[in-house]
Amino acid sequence: MGQVPALIVEDKMLTQSISIMEYLEETYPQNPLLPKEPLLRAKVREICEVIGSGIQPLQNLSVLQKIGDEKMEWGHYYINKGFFALEQLLAGCAGKYSVGDQVTLADCCLVPQVYNANRFKVDMSQFPIISRIHEALNSVEAFKAAQPSNQPDCPEDLK
Amino acid sequence: MTTPKPILYSYFRSSCSWRVRIVLAHKSIDYEYRPIHLLKKEQISIMEYLEETYPQNPLLPKEPLLRAKVREICEVIGSGIQPLQNLSVLQKIGDEKMEWGHYYINKGFFALEQLLAGCAGKYSVGDQVTLADCCLVPQVYNANRFKVDMSQFPIISRIHEALNSVEAFKAAQPSNQPDCPEDLK
């Protein structure tokens, strides 16, 4: 299908990032990325969804191609709008990271979206909580390893 | 210990609210319905929360790969289709909104039909109702609103037909909600 991300597990192909993340969380219980308490788990998933359904699909490649010339404004508009909502949400649940003081799936969704926000020239000074969390996550080893610039297929000029 | 009744803020034909209504009905969770005209996102996280806290009539299989398949379908619909045809985006698109909505539901349904070919049984994933079915039904309703040619999608259509006879799904239909206008019943 040429889709990314796609994870092959036991000859089966899994797509859709959040479903893949949940699968990994369930089958590799070490270093959990979901809290134990149901309401906190719901909060993590809420943030994942605000980003994964509320922002990302509206600025992904396929939609931008359809929008055409106005794509910068379109992408900027939706990330900006989504970040206002996210900032409010985080005001109620963030600690050191998005939900409390442990890294969660919410943080895994936040970092890539901030990268895109910068690509669409979103004014991040409007979002101090998102910015602070993003800064903190950038020093976490797993997050550094996952950065685009550290991937084998990253072009030299973007490293 | 008695837990207070959950309160659901819902709009009768918001597909997001609708998915949650199905889960509530399926698990026979008594809840208070509060109509609201704001469209609320983040419904899949609510469905997962309900699934975790009300384990009766489970809507996720036990086996991890099957669970992943259910969530994959939820996400194809919840991230791949619904956000591109929700009210806010359609308002921004303006005059071309019918074509836009039609385009994205059609595109998404092609992907969904292929996915279902690999995992559907009586319902979306195997023979038990799952969260995937809760996402499918509202999206088919929207497909019809945007005049998508459902004959292109025999698997989706068959599953939708089967789900329409399930009690929880009937209870959750927009036409059965307190805030549904008379002329849309």
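Residues numbered from 1 in each chain as written. Chains lettered and ligands numbered in written order. Predicted model: local features only at pLDDT ≥ 70, side-chain atom pairs only at ≥ 80, totals over all residues. Heavy atoms only, no water.

As recorded in an unreviewed UniProt entry, chain B goes by the name maleylacetoacetate isomerase, listed as coming from Scylla paramamosain. On record in UniProt, under Cofactor (unreviewed entry), the comment for chain B is "glutathione". (UniProt positions renumbered as here; feature names shortened; annotations may be inferred.)

By the naming in an unreviewed UniProt entry, chain A goes by maleylacetoacetate isomerase and is assigned to Scylla paramamosain. Database annotation for chain A, UniProt heading Cofactor (unreviewed entry): "glutathione". Among the UniProt annotations of chain A, the heading Sequence similarities (unreviewed entry) holds the following wording: "Belongs to the GST superfamily. Zeta family."

**Considerations on the environment of Asp95 of chain B**
Relative to the helices and strands, Asp95 of chain B is located in the loop between α4 (87–93) and α5 (97–119). Considered as a pair, Asp95 of chain B and Arg19 of chain B are 76 residues apart in the sequence and their alpha carbons are 28 Å apart. (Helix = DSSP H or I, 4+ residues; strand = E, 2+ residues; numbered from the N terminus.)

**Considering the pattern of salt bridges**
Residues and elements named next belong to chain A. The tally for this structure, following the rule as stated, stands at 14 salt bridges over all chains. Between Glu46 and Lys43 there is a salt bridge, with the nearest N and O atoms lying 3.1 Å from each other. Here Glu46 and its partner Lys43 are both found in helix α2 (residues 38–52), 3 residues apart, which amounts to about one turn of the helix. Here Glu46 falls in the buried class, since its relative accessible area comes to 16%. Using a relative accessible area of 25% as the deciding quantity, one classes Lys43 as partly exposed. (Salt bridge = Lys/Arg side-chain N within 4 Å of Asp/Glu carboxyl O. Buried < 20%, exposed > 50% of the residue type's maximum accessible area, 1.4 Å probe, protein only.)

**Here we look at the interface of chain B and chain A**
Opposite the 31 residues of chain B that make contact, chain A presents 36 residues. Taken together, the two surfaces of chain B and chain A that pack against each other cover about 2,900 Å², and 60% of this comes from carbon and sulfur. Along the contact surface separating chain B from chain A lie 6 salt bridges. The residue Glu52 of chain B makes a salt bridge to Arg45 of chain A at a minimum N-O spacing of 2.9 Å. Where chain B packs against chain A, one counts 17 residue pairs in polar contact (both at pLDDT 80 or more). Elements with a contribution of two residues or more to the side of chain B that touches chain A: α2 (43–53), α3 (64–78), α4 and α5 of chain B. In terms of residue count, the dominant contributor to the side of chain B that touches chain A is α3 of chain B (10 residues). Per-class residue counts for the side of chain B that touches chain A are 13 nonpolar, 7 polar and 11 charged. (Contact = heavy atoms within 4.5 Å. Buried area = accessible area lost by both parts, 1.4 Å probe. Polar contact = N/O pair within 3.5 Å; in protein donor to acceptor, adjacent residues only side chain to side chain. Nonpolar A, V, L, I, M, F, W, Y, C, P; charged D, E, K, R; others polar.)

**A few points about the UniProt feature "domain: GST C-terminal" (unreviewed entry) in chain A**
Per the UniProt record, "domain: GST C-terminal" (unreviewed entry) is found at residues 37–156 of chain A. With 63% helix and 0% strand, the stretch residues 37–156 of chain A has end C-alpha atoms that lie 44 Å from each other.

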